[in-house]
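Listed below are the residues making up each chain.
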Amino acid sequence: MKLLEYQAKTILRHYRLPLPSGQLLDGQQPPTLDWPYLLKVQVPVGGRGKAGGVQVVRNPAEHRLVSATLSQLEVAGHHSQGLYAEELLDIAAEFYLALTIDRAAGLIELLVHNQGGIDIEQATTPPRRYQLEAAPAASLTKQLATYLNLKGSQLDQLQRLLDRLYHAFTAGDLLLLEINPLILTTDQRLVCADAKLETDDAARFRHADLWPASPNGSANYVVLDRSGRIGSIANGAGLAMATVDAITAAGYTPANFLDVGGGSDSAKLVTALQAIADLPAVEAIIVNIFGGITRCDDVARAIITARQQLAQLPPLHIRLSGTNASAGRQLLAAAGLKSYDSLEACLAALPSGGGRA
Ligand code: GDP
Ligand code: MN
């Protein structure tokens with residue numbers, strides 16, 4: 001999932017990267033930042049600067065004018081998804097820094113350019129590229145400092161910044177972390193002025209608290225076939241796809257794809273179950289949970305709670321496996337809910353007539 005700038009910065013702040021102070025605007029309310037500040041339109045694409053989506057605000061009248069203009073601005077066909085107000089930095093230099101995955105090499109790639117702030121494709125020289133197996137070593141940081149013309153205490157700042165970026169990328173399960181520009185301020189601070197982040201959504205279960213909800217709400221939900229008789233819910237995108245495939249292989253038409261992600265939030269399950277129950281042809285819902293960090297007994301409690309809140313649900317065919325599965329299955333049984341330890345057993349218990357069996 002590609003994040004908006006303010007969402008990306010929330011994650012970077014968690015990993016203690018140096019960022020300008022900023023606030024997402026709430027309606028007409030001006031931010032509690034010192035004048036002048038920047039207003040930045042939040043869109044899921046770059047090139048805002050060129051499109052007039054980043055503007056300086058010096059007083060309340062300008063705030064009203066600029067916020068109204070930016071709310072209406074379209075950047076490459078994308079409407080505003082919010083306005084972010086941010087401390088205005090005094091620029092001494094702008095750099096480009098990015099971490100990505102080099103899939104062919106199976107390593108992390110670091111890209112650095114001494115001309116930041118513009119599209120890297122338009123730079124007159126190519127970026128420096130490095131393959132990393134660990135956080136950048138002191139020798140690499142020294143090379144980069146020379147290239148970026150950073151001296152003295154700036155070298156230590158660069159090392160700390162690279163360490164934290166590397167940690168944010170790996171611990172944070174990111175596919176892309178791009179800082180453009182990385183600003184060197186006139187008072188000698190290195191600050192991540194803009195951030196583009198892409199998360200590895202297969203790892204969502206590890207970051208339920210920090211990552212924003214996926215664009216479809218709290219879960220990844222796709223209606224596949226409104227005439228499908230079998231709905232499904234799984235935790236994790238891979239397991240959800242495998243569940244849909246297994247339903248198909250058993251001779252049924254799957255009605256939907258739904259990845260509830262990690263955790264055991266009953267509100268999330270209520271929303272998920274309701275969405276599937278609302279599909280016209282659904283006769284049964286497979287709930288396929290593999291407990292890893294998420295514990296099956298917690299999921300069982302969430303299922304029981306969710307079921308109590310929903311009056312008219314089709315039968316649930318629950319598979320619990322992994323951490324605390326037997327405790328989870330006992331809870332379900334006590335609540336009158338049948339469960340299975342394998343997906344095969346779950347599928348075998350589906351209503352006949354649609355399946356091959
Ligand atoms: P983008 O065009 O979508 O990548 O948006 P950015 O957030 O990168 O902002 C675009 C440009 O605005 C940057 O390249 C900078 O030149 C400028 N800019 C961003 N933040 C600041 C700041 O704090 N101070 C100043 N003076 N310029 C900034
Ligand atoms: Mn930028």
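This text goes with the structure placed above it.
Residues numbered from 1 in each chain as written. Chains lettered and ligands numbered in written order. Predicted model: local features only at pLDDT ≥ 70, side-chain atom pairs only at ≥ 80, totals over all residues. Heavy atoms only, no water.

(A) Fine view of the overall build of the chain. Tallying secondary structure elements over the chain gives nine helices and 16 strands in all. Counting only C-alpha atoms, the chain reaches 70 × 50 × 35 Å along its principal axes. Looking at the 357 residues of the chain, the share that counts as buried comes to 47%. A sequence separation of at least 24 residues applies to 67% of the contacts in the chain between residues at least 6 apart. Surface accessibility of the chain: about 16,900 Å² in total, with carbon and sulfur atoms responsible for 51%. (Helix = DSSP H or I, 4+ residues; strand = E, 2+ residues; numbered from the N terminus. Buried < 20%, exposed > 50% of the residue type's maximum accessible area, 1.4 Å probe, protein only. Contact = heavy atoms within 4.5 Å. Areas by Shrake-Rupley, 256 points an atom, 1.4 Å probe, with all protein chains shown as cover.)

(B) Just the sheet that holds strand E3 (residues 54-57), in detail. Spatially, the four strands line up as an open sheet ordered E1-E4-E2-E3, and their pairing is antiparallel. In the strand order of this sheet, the two ends are held by strand E1 (22-24) and E3, each with one partner. Strand after strand, the sheet turns through a mean of 25° between neighbouring axes, direction not considered. Sheet topology note: the strand E2 (residues 37-41)/strand E4 (residues 83-87) ladder contains five bridges and is antiparallel. Counted as the bridge partner of Tyr 37 is Glu 87 from E4. Strand contacts of helix H1 (residues 5-14): E1, E2 and E4, with the helix running at about 50° to E4, the strand carrying the most contacts. (Pairing = 2+ DSSP bridges. Axes fitted to C-alpha atoms, helices over the stretch in contact; angles between N-to-C directions.)

(C) How the structure looks around the coordination of the manganese ion (ligand 2). Here the manganese ion (ligand 2) is held by the protein donor atoms Asn 180 (O) and Asp 194 (OD), which lie 2.1 to 2.2 Å from it. With Asn 180 in strand E8 (residues 174-185) and Asp 194 in the loop between strand E9 (190-192) and strand E10 (195-199), this residue pair connects regions lying 14 residues apart in the sequence. (Donors = N, O, S within 2.8 Å, 3.2 Å for Na, K, Ca; no water.)

(D) Structural view of the site of ligand 1. In the vicinity of ligand 1 lie 17 residues, with Lys 40, Arg 48, Gly 49, Leu 89 and Glu 94 positioned nearest. Here an oxygen atom of ligand 1 and a backbone polar atom of Gly 49 are 2.7 Å apart. Residue Asp 194 places a side-chain N or O atom 3.0 Å away from an oxygen atom belonging to ligand 1. For ligand 1, whose accessible area on its own is 560 Å², the fraction buried by protein is 79%. Looking at the shell around ligand 1, the elements that each hand over two or more residues are E2, strand E5 (91-102) and E8. Ranked by the residues each element gives to the shell around ligand 1, the list is headed by E8, at three residues. Here the shell around ligand 1 is built from residues that sort into seven nonpolar, five polar and five charged. (Near = heavy atom within 4 Å. Polar contact = N/O pair within 3.5 Å; in protein donor to acceptor, adjacent residues only side chain to side chain. Nonpolar A, V, L, I, M, F, W, Y, C, P; charged D, E, K, R; others polar.)

(E) View of helix H7 (residues 296-309). Spanning 14 residues, H7 covers 20 Å between terminal C-alpha atoms, matching the ideal 20 Å at 1.5 Å per step. All of the buried residues along H7 are Cys 296, Asp 297, Val 299, Ala 300, Ala 302, Ile 303, Ile 304 and Ala 306. Buried residues along H7 sit against helix H6 (266-277), strand E14 (284-291), strand E15 (316-322) and helix H8 (325-334). (Expected span 1.5 Å × (residues − 1).)

(F) Molecular detail of the environment of Arg 204. By the element assignment, Arg 204 lies in the loop between E10 and strand E11 (220-223). The class of Arg 204 is buried, set by a relative accessible area of 10%. Sequence-wise, Arg 204 and Gly 262 are 58 residues apart; in three dimensions their C-alpha atoms are separated by 6.7 Å.

(G) Up close: the packing of H7 against H8. Running from amino to carboxyl end, H7 crosses H8 at an angle of 20°, the nearest separation of the two axes being 7 Å. By the angle between their axes, H7 is roughly parallel relative to H8. Between H7 and H8 lies a crossing whose hand is right-handed. Two secondary-structure elements touch here, H7 through Cys 296, Asp 297, Ala 300, Arg 301, Ile 303 and Ile 304 and H8 through Ala 325, Ala 327, Gly 328, Leu 331 and Leu 332. Its residues assigned to classes, the contact of H7 with H8 shows eight nonpolar, one polar and two charged. (Parallel < 35°, antiparallel > 145°, perpendicular 65-115°, else oblique. Left-handed = near helix turned anticlockwise from the far one by under 90°.)

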